[in-house]
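Working through the structure, step by step
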Amino acid sequence: MKTILILGAGTAGTLMANSLSQRLNLEQWNITILDEHPIHYYQPGFLFLPFGIFSQNDVIQPRRRFLPNGVHYLEAEIDRVQAEKNRVLLKSGEQLGYDILIIATGAKIAPEQTQGMLGNDWRTRVFDFYTFEGASALNGALRNWDGGRLVVQITEMPVKCPVAPLEFAFLADSWLKDRRLRHKTEIVYLTPLSNPYIKPVAADVLGQVLKEKRVKVVTDFHVDHIDNEQHAIVCRQGDKVDYDLLVTVPINTGDVAMGRSGLANELHFVATDPDTLQSKQYPNIFVLGDATDLPSPKSSLVARSQAGVLTENVVNYMNGDPLESQLCGAGEGDRPMPPASDFSGKSERNQKKYRLPVLGPFLAEPPSDQFRELAVRWIYGTNSQKLWRYRELAIS
């Protein structure tokens, strides 16, 4: 029996396990998914934890619940991949062989890479919301908030779900209004980009929303360090922005084990062919989701599209057939997706105006695509009415 080993049981890894289990003969192929954490955290829900919209129980599920029958789950920590020997070494000393390796180890925050970020203000005045612990601690800080300067800041791109920091600023504006604290709070948004968002059309629209919500935007702000004594964030040019509460998106990196394996760049993102999602070094290794070094956004929408392409390519590789040459026409209802290398905004849809907010764009498209896209964009795989309401509130 041959083995497919999937590293990472997050969204991307789970999608591949489910997809491949339906395509392959499990009497001939052993599919094993490996992750060091037994709990699945619903990461899009972290955005709502600080505001009390979601509770901790809303974002926690056992990983095994999302895996199909016939897929083996192993809880263990990776030490490194020995790709030349087709095996993975675990921290326990155990070795796992594979015929095909799929890397879906995701991305994580690395606050230690910014000087001073883990200083005395960490989790007292400086918080992240990209982790369960950070979002939960921020919930406590907001409960005691009585006004001041609230700074939302992105350290460096790329980050997971690049729209999330903007959504946080919008939700904070609404949350503060509900508690009659908005007039006592200045919201400042710091970004290393030259625009509020990565896509040009969206940047114009979201920039106007920020202006309407009286959120001060500072672009091209490249962080040098955090001054814990002065409670200030300092940029490389020496300018500083004081904060009473800093909500930061630290540098995002891939899994350090991939760096130790010689498969990744300095940020531990794996070198990946942008068309086939094959490792640039080893033909029997494939990569998807946040683990890649591709310039495509690190989001669940991209991972879902990649999973469709990658499933076909893994099957083609097994059969000795040519691999798909571009990320197009797979996943998301067979709607063509732009290549993973497109991060310029050239493929961004034309801006349109609709009479009905939220539903307008979907009513203008073929019915088969309406609710699929609505689900992906707005509810990220859940039917929670809370999430529907508050994601709309964040933009409206």
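These notes cover the structure that comes with them. In this text the structure is predicted, and so the values were computed from the model without any measurement. (Residues numbered from 1 in each chain as written. Predicted model: local features only at pLDDT ≥ 70, side-chain atom pairs only at ≥ 80, totals over all residues. Heavy atoms only, no water.)

In terms of helices and strands, the protein carries 9 helices and 20 strands. Of all 396 residues assigned to the protein, the portion counted as buried reaches 52%. Nonlocal contacts in the protein, meaning residues at least 24 apart in sequence, comprise 65% of its contacts between residues at least 6 apart. Here the protein displays about 18,300 Å² of accessible surface, and carbon together with sulfur accounts for 47% of that area. (Helix = DSSP H or I, 4+ residues; strand = E, 2+ residues; numbered from the N terminus. Buried < 20%, exposed > 50% of the residue type's maximum accessible area, 1.4 Å probe, protein only. Contact = heavy atoms within 4.5 Å. Areas by Shrake-Rupley, 256 points an atom, 1.4 Å probe, with all protein chains shown as cover.)

All right, on to the side chain of T311 then. Tracing the backbone shows T311 in helix α6 (residues 300-319). The exposure class assigned to T311 is buried, which follows from its relative accessible area of 2%. Only 2.8 Å separates the side chain of T311 from the backbone oxygen of A307, close enough to count as a polar contact. Discounting chain neighbours no more than four positions away, the residues touching T311 are M16, S19, L20 and R23. (Polar contact = N/O pair within 3.5 Å; in protein donor to acceptor, adjacent residues only side chain to side chain.)

Helix length check: helix α4 (residues 200-212) (13 residues) gives 19 Å between terminal C-alpha atoms against 18 Å at 1.5 Å per residue, within 8%. Taken together, the buried positions of α4 are occupied by A202, A203, L206, V209 and L210. Buried residues of α4, viewed axially, fall in a sector of 125°; they line one side. Of the residues in α4, the exposed ones pointing more than 90 degrees away from the buried face are D204, K211 and E212. At the exit of α4 stands R214, carrying a positive phi of roughly 60°. (Expected span 1.5 Å × (residues − 1). Arc of directions from axis to C-beta.)

Let us now look at the pattern of salt bridges. Applying the stated criterion to the full structure yields 9 salt bridges. The salt bridge involving R80 is made with D79; its shortest N-O contact spans 3.0 Å. R80 sits in the partly exposed class, given a relative accessible area of 29%. Here D79 falls in the buried class, since its relative accessible area comes to 19%. One network of salt bridges, with partners in common, ties together D173, K177, R182 and K213. (Salt bridge = Lys/Arg side-chain N within 4 Å of Asp/Glu carboxyl O.)

A separate point is the side chain of R182. Considering the arrangement of structural elements, one finds R182 in the loop between α3 (164-178) and β13 (185-190). What makes R182 buried here is its relative accessible area of 5%. Looking at R182, its side chain comes within polar contact range of the side chain of D173, at 2.8 Å. Discounting chain neighbours no more than four positions away, the residues touching R182 are D173, L176, K177, I187, K213, R214 and V215.

Below, the discussion takes up the packing of helix α1 (residues 11-23) against α6. Angle between the axes and distance between the axes are the two parameters that describe a pair of packed helices. Two elements in contact, α1 and α6, have axes separated by 10 Å at closest approach and are oriented at 40°. Judged by the angle between their axes, α1 and α6 are oblique. In this structure, α1 crosses over α6, and the sense of that crossing is right-handed. Contacts between α1 and α6 involve A12, L15, M16, S19, L20 and R23 from the first element and A303, R304, A307, L310, T311, E312, V314 and V315 from the second. Classifying every residue of the contact of α1 with α6 by side-chain character gives 9 nonpolar, 2 polar and 3 charged. (Axes fitted to C-alpha atoms, helices over the stretch in contact; angles between N-to-C directions. Parallel < 35°, antiparallel > 145°, perpendicular 65-115°, else oblique. Left-handed = near helix turned anticlockwise from the far one by under 90°. Nonpolar A, V, L, I, M, F, W, Y, C, P; charged D, E, K, R; others polar.)

Counting residues in each nonpolar core, the largest one holds 47 residues, and the members touching the most others are F51, F129, L138, F168 and L245. Ranked by residues supplied to this core, first place goes to α3 with 9 residues. Aside from chain neighbours lying at most four places away, what touches L138 is P50, F127, F129, F168, L245 and V247. Counting 25 residues, the second largest nonpolar core, distinct from the first, contains A9, L24, I100 and A307. (Core = buried A, V, L, I, M, F, W, Y, C linked by side-chain atoms within 4.5 Å.)

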